[in-house]
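# Topology and contacts: notes
Now for the letters of each chain:
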Amino acid sequence: MFGRFVSQRGTGPAALFALIEPPRRAYFPAQVAGRPWLYSSVFILVLMALTAAFVMAQLDALQNDFVVDALPTEAVIVLLLGVAVFPLRLIAVPILGYLLVCALGHGMKLVLEPNYAPPEVSRLLTFTVGVCLNGVVAIFAALAGRVAVNLMAVQSRWDDAILSVATTFVYLVLSLAGIWVVTHHLYLPQWNDRDFGTISLTEAGWIRAFRIAICSGVLLLFLLDVPNWKDFRRALIPFPIFMGAALAETAGYSLHPTVDVGLICLGVALILPGYAAILANIIGIVTYVSLTGAALVQAPFNSPEAAALEIISLIVMVVNYFVMVFRHQAHIGGRRTRETMARVQRVHAFATIGYFIFDVNRARVHVDEVAAEMLGTGDQFDANVFVDRVRPADRGGLVSVMADRYREATLTAFSFAPGAHWQDGAKGIRHVAIYSWYERLWNGRTIAYGALLDRTDEHDRSAALGKALADLSEQQSRQTQLFSIVSHEIRTPASVISMLIEEIDGGASWAQMGPRLKAVSEQLLSVLADMRQTVRPEENLPIRLEPFRPQDLAETIRNTFLLLAEARGVDLVLNLAAGADQVRISDRVRLNQVLSNLLKNALIHAECRRITISYSEEMAEGQLWAAWRVSDDGRGIPVAERARLFLPFSRITGTGHARTDGSGLGLYITKTAIELLGGSVEYRDAPAGGSEFLIRVPETQGVALTALPPRLDTALITEGFHKALVVEDSDLIGELLVARLKRLVPTVIWARNGLEGIELQERERPDLILTDLFMPKMGGDEMTAALRGSGVCVPIIGMTAAAIGDERTTFENAGTNFVLTKPVSTAQLVEALGRLRASAA
């Protein structure tokens, strides 16, 4: 049925929603289809009750025997209604009802009126012929109405009118022709001798058929509409008028029975709503006819006035019928409009669309509930007051639109704050768009009306997208910068290593080239360590709290850089306060890294003559804090550069501070390392005029020691490890690692990939496994996961050469005990084995 509405003309929501509206099923047919036994029984019983009431109203009426009563019979109303509205599969129900109604009416009149049937013909024969002739005409007329609906209806809201009018018209045409045939060819000559004044029996039958057709058409409209209690209460309002007219008729006070009731029905049809008018007229006519018998018995045309009044009554019936048809259609159209508006309101409420009317002359705004909630106002407000809430940048455009009385339509967007005045950065700021149409009223006033669309979510999404794109652009820029720095910093030592190897091949002695090769290798490893520390500081250098003496740490750092300082003519001075010679607990390794970075930076870049490492302690709120200071008497750092001092990849420019090497990550690593310990680092001007970095970290007091713990013996550490498995795809690294391990473990076996490692583990049963991550056929993480899944519990140490990434997490998730960074030194191996032995103990 969807295609039925695609070609219909019209614009707006009503025409649009008609495309998705299912075909309307009239009320009574829908109920019969859903509960056929109940509604079929009600249909038949109600019509039988009306038949009994009408028979009682016709008793002893003149000129109303079977000859007239069957020309045609009122019982055809059962077929005209039932065949038109019942599903075709249930068409036997109205036929059965018709037979029962005919039998009831005919039987009652035979019993109550002895002269009802003509004596010349068999009663059964006359009953059978009359029932069949009337029934065929009614069935054909109702079926014609259904066919007309399918052929002529282009919009479902006209189905009811077409069914009612077509059924009424076809029945009227067929019955007029049938009555003429019956009276002229089937009736006996003496049967036509009836006294109807100036009209014949045929004409009396035509009038009777006309009334039956109109009443059937009205009853069809009633069955096709949807009842409700509100309309039922309205339909009872004119009931006293019909009752009074019936009582006046029985008392002899009336103009003409059918004219009187027809005029009352017409007034009701014009005043009451569609369904209520139809129901009121049905109730009123049934009451009036049951009490007076009017319209059931044809009155004779004894005078021209009587004939004129009868014709007027027929005209009034036709007018009344078509008024009710149009009122019925208007009622359906109104219901559809309400359904459409309900759909539109649901859509608008969901989309946050409100409506407004703006009185330009009075600067007064009226809004619906959606717009009021959107704007945070009542249903009306002063536009001039609201402007104070609008963003200043939008006020000019909004005021211009409000003041312009000569526009036809505008689109304006603005932002406003929830409070009485605009505040930048306030919470709850909303963004709306106004679609306005202007109209000049009859009294000269100008109004604007239209819709408000809440665009806050759209604006926020756009802002979030812009920020995400900016962050992505910044991230891409930093990645580009990172790769550029990495490329430069790795290329330089790699080139030097290549040149040194070439020198050795050319005959240079190891005594000359060896120290240089070691120094440049350490520089390369330092750059990679900086990269790793920048990406994952908490993972690449885990927090390890241990006892130490601040005095020993300061002296170690000083001694490490003493030769470099002497070469540059810089004095390294220690300024240690009370407590430096006591045992404290903190992350000694991380503090060593941080202080070394600061001292190295000062030596290389400060152009100073003196560097001081200071230590002091203070107690704050029950917490012991260590304060380390690294200060110099150099040029200092320009004020303009200090804001980005601790940013990654930030290289300080300017005289005396241009970097010639390094990754630009030293101070960033310093800051992140100290913050992981719960401390802080800040830059300040040194008393001597240079730079000073102040580091504050929490620490705790340790147990007094006469000496630091001695270094553990290597043999003692490696005791218990007899066979190690190395899984490494690089021949060079594998050979070096096997060589180093053989100094610690008696037997070392070597596999080139994870699959080979699993095979060797099953055959050799090592008590220690070291594995690389990225290897052909099977990586180290996959091998580790497979071994752990099969129940292998020996220690597994992961190794990775990647400076940046999630390799440590990958290894840990697979089940390794530790992760070492390549190149793996002997000291790293000793420390790892010691930790494994300690954890096993």
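Turning to the overall build of the protein, a few remarks are in order. Each helix and strand in the protein was counted, giving 31 helices and 18 strands. Among the 841 residues that make up the protein, the fraction classed as buried is 45%.

Counted at 1.5 Å a residue, the expected span for helix H12 (residues 239-250) with its 12 residues is 16 Å, and the 17 Å between its end C-alpha atoms agrees. Where H12 is concerned, the buried positions are Phe242, Ala245 and Ala246. Angular distribution of buried residues about the axis of H12 spans 100°; they occupy a single face of the element. Exposed residues pointing more than 90 degrees away from the buried face of H12 are listed as Pro240, Ile241 and Leu247.

Reading across from one edge, E3-E2-E1-E6-E5-E4 is the order of the 6 strands in this open sheet, with antiparallel pairing throughout. Of all strands in the sheet, those bounded by a partner on one side alone are strand E3 (380-382) and strand E4 (409-416). Looking at each pair of strands side by side, their axes are set apart by 25° on average, direction ignored. Here 8 bridges tie E4 to strand E5 (residues 430-440), and the two strands are oriented antiparallel to one another. Bridging from a neighbouring strand, Ala413 pairs with Ala433 of E5. Sheet strands in contact with helix H18 (residues 392-403) are strand E1 (353-359), E4 and E5, and its direction is about 145° off that of E4.

Confidence along the protein averages 80 in pLDDT terms, with 83% of residues attaining 70 or more. Throughout residues 1-11 the model reports pLDDT below 50, and contacts reaching past four residues in sequence, or to other chains, amount to 17 contacts.

Ranked by internal contacts, the top residues of the largest apolar core, which has 57 residues, are Phe28, Phe43, Val76, Val85, Phe86, Tyr98 and Tyr171. Excluding anything up to four places from it in sequence, Phe28 contacts Tyr39, Phe43, Val85, Phe86 and Leu223.

Here we take up empty space enclosed by the protein. For the structure on display, the rule yields 5 cavities of 30 Å³ or more. Looking at the largest cavity, it is lined by 18 residues, and the ones nearest its centre are Phe356, Val365, Leu398, Met402 and Ile434. Partitioned by chemical class, the residues of the lining of the largest cavity number 16 nonpolar, 2 polar and no charged.

Backbone-to-backbone hydrogen bonds pair the strands of a sheet. The strands run either parallel or antiparallel. Across the sheet, which stays open at both edges, the 5 strands sit in the order E15-E14-E16-E17-E18 with parallel pairing between neighbours. Looking at which strands have only one partner, the edges of the open sheet turn out to be strand E15 (747-751) and strand E18 (818-821). With strand direction ignored, the average angle separating the axes of adjacent strands in the sheet is 20°. With 4 bridges joining them, strand E16 (residues 768-772) and strand E17 (residues 796-800) adopt parallel strand pairing. Looking across to E17, one finds that Ile769 is bridged to Ile796. Helix-sheet contacts for helix H28 (residues 754-764) involve strand E14 (723-727), E15 and E16, and the interaxial angle to E15 is about 145°.

Following the criterion strictly, the structure yields 10 aromatic pairs and no others. Members of the aromatic cluster, each reached through a chain of ring pairs, are Phe381, Phe386, Phe414 and Phe416. Here the guanidinium or amino end of Arg696 rests over the ring plane of Trp625, the centre of that ring lying 4.7 Å away. The ring of Trp750 has Arg752 sitting right over it, with the charged end atom 3.5 Å from the ring centre.

Next up on the list: a nonpolar patch on the surface. On the surface, Ile357, Leu411, Tyr435, Trp437 and Tyr449 cluster together to form a nonpolar patch covering roughly 490 Å² of accessible area. Secondary-structure assignment places Trp437 in strand E5. For Trp437, a relative accessible area of 41% puts it in the partly exposed group.

The subject of this paragraph is the packing of helix H13 (residues 257-271) against helix H14 (residues 274-292). Packed helices, taken two at a time, are described by the angle between their axes plus the distance between the axes. Put simply, H13 and H14 touch, their axes get as near as 9 Å, and they point 160° apart. Taken together, the axes of H13 and H14 lie roughly antiparallel to each other. Classified by chirality, the crossing of H14 by H13 is right-handed. Contacts from Pro257, Asp260, Val261, Cys265, Val268 and Ala269 of H13 reach H14 at Ala277, Ala280, Asn281, Ile285 and Tyr288. In terms of residue class, the contact of H13 with H14 is made up of 9 nonpolar, 1 polar and 1 charged.

So, on to the packing of helix H29 (residues 780-789) against helix H30 (residues 807-814). As a packed pair, H29 and H30 sit with axes 8 Å apart at the nearest point and diverge in direction by 15°. When the interaxial angle is binned, H29 and H30 end up roughly parallel. In the packing of H29 onto H30, the handedness of the crossing is right-handed. Of the residues in H30, those in contact with Gly780, Asp781, Thr784, Ala785 and Arg788 of H29 are Thr810, Phe811 and Ala814.

The next point concerns the side chain of Thr816. Tracing the backbone shows Thr816 in the loop between H30 and E18. A polar contact is formed between the side chain of Thr816 and the backbone oxygen of Phe811, at a distance of 3.1 Å. Residues contacting Thr816, with those up to four places away along its chain left out, are Thr784, Ile796, Gly798 and Phe811.

Evaluation of the coordinates by the stated rule reveals 20 salt bridges. With a closest N to O distance of 3.6 Å, Glu458 and Arg455 form a salt bridge. You can call Glu458 partly exposed: its relative accessible area is 42%. The closest approach of N and O atoms between Lys671 and Glu675, which form a salt bridge, is 2.6 Å. Residue Lys671 and its partner Glu675 are both found in helix H25 (residues 666-676); the two are separated by 4 residues, about one turn of the helix. A residue is classified by how much of its surface remains accessible, and Lys671, at 28% relative accessible area, is partly exposed. Of the residues examined, Glu675 reaches a relative accessible area of 42% and is grouped as partly exposed. If you follow the salt bridges from partner to partner, you end up with Arg584, Glu617 and Glu699 in one network.

With a phi close to 55°, Glu607 is a non-glycine residue in the positive phi region. For Glu607, the location among the structural elements is in the loop between helix H24 (588-605) and strand E10 (610-620). The phi dihedral of Lys777 falls on the positive side, at around 70°, and the residue is not glycine. Inspection of the secondary structure puts Lys777 in the loop between E16 and H29.

Position of Phe548 relative to the elements: it lies in strand E7 (residues 546-548). Once the C-alpha coordinates of Phe548 and Asp581 are considered, the two residues, 33 residues apart in sequence, prove to be 9.4 Å apart.

This part covers the pairing of E17. With 5 of 5 residues buried, E17 is to be regarded as a mostly interior element. A two-sided burial pattern is seen for E17, the buried positions comprising Ile796, Gly798 and Thr800 on one face and Ile797 and Met799 on the other. The parallel pair E16 and E17, bridged by H29, forms a crossover whose chirality is right-handed. Taken together, the 4 bridges between E17 and E18 define a ladder with parallel strand orientation. Paired with Gly798 across the two strands is Val819, which belongs to E18.

As a further point, take the environment of Gly267. For Gly267, the location among the structural elements is in helix H13. C-alpha of Gly267 to C-alpha of Asn281: the two residues are 14 residues apart in sequence and 9.8 Å apart in space.

Here the focus is the environment of Phe818. As for its position among the elements, Phe818 is in strand E18. Measuring from C-alpha to C-alpha, the distance between Phe818 and Ile797 comes to 4.9 Å, with 21 residues separating the pair along the chain. Apart from residues no more than four positions distant in its own chain, Phe818 is found in contact with Ile796, Ile797, Gly798, Ala832, Arg835 and Leu836.

Conventions adopted
- Residues numbered from 1 in each chain as written.
- Predicted model: local features only at pLDDT ≥ 70, side-chain atom pairs only at ≥ 80, totals over all residues.
- Heavy atoms only, no water.
- Helix = DSSP H or I, 4+ residues; strand = E, 2+ residues; numbered from the N terminus.
- Buried < 20%, exposed > 50% of the residue type's maximum accessible area, 1.4 Å probe, protein only.
- Expected span 1.5 Å × (residues − 1).
- Arc of directions from axis to C-beta.
- Pairing = 2+ DSSP bridges.
- Axes fitted to C-alpha atoms, helices over the stretch in contact; angles between N-to-C directions.
- Contact = heavy atoms within 4.5 Å.
- pLDDT = per-residue confidence, 0-100.
- Core = buried A, V, L, I, M, F, W, Y, C linked by side-chain atoms within 4.5 Å.
- 1 Å grid on protein atoms, 1.4 Å probe; cavity = no way out; pocket = protein on both sides within 12 Å on 5 of 7 lines; lining within 4 Å.
- Points joined across faces, edges and corners; volume = space filled by probe spheres on them.
- Nonpolar A, V, L, I, M, F, W, Y, C, P; charged D, E, K, R; others polar.
- Phe/Tyr/Trp six-rings, centres within 6.5 Å; stacked < 30°, edge-to-face > 60°.
- Lys NZ or Arg CZ within 6 Å of the ring centre and 35° of its normal.
- Patch = residues over 30% accessible without salt bridge, like charges linked within 9 Å, V, L, I, M, F, W, Y side chains within 5 Å.
- Areas by Shrake-Rupley, 256 points an atom, 1.4 Å probe, with all protein chains shown as cover.
- Salt bridge = Lys/Arg side-chain N within 4 Å of Asp/Glu carboxyl O.
- Parallel < 35°, antiparallel > 145°, perpendicular 65-115°, else oblique.
- Left-handed = near helix turned anticlockwise from the far one by under 90°.
- Polar contact = N/O pair within 3.5 Å; in protein donor to acceptor, adjacent residues only side chain to side chain.
- Right-handed = clockwise from strand over helix to strand, strands pointing away.

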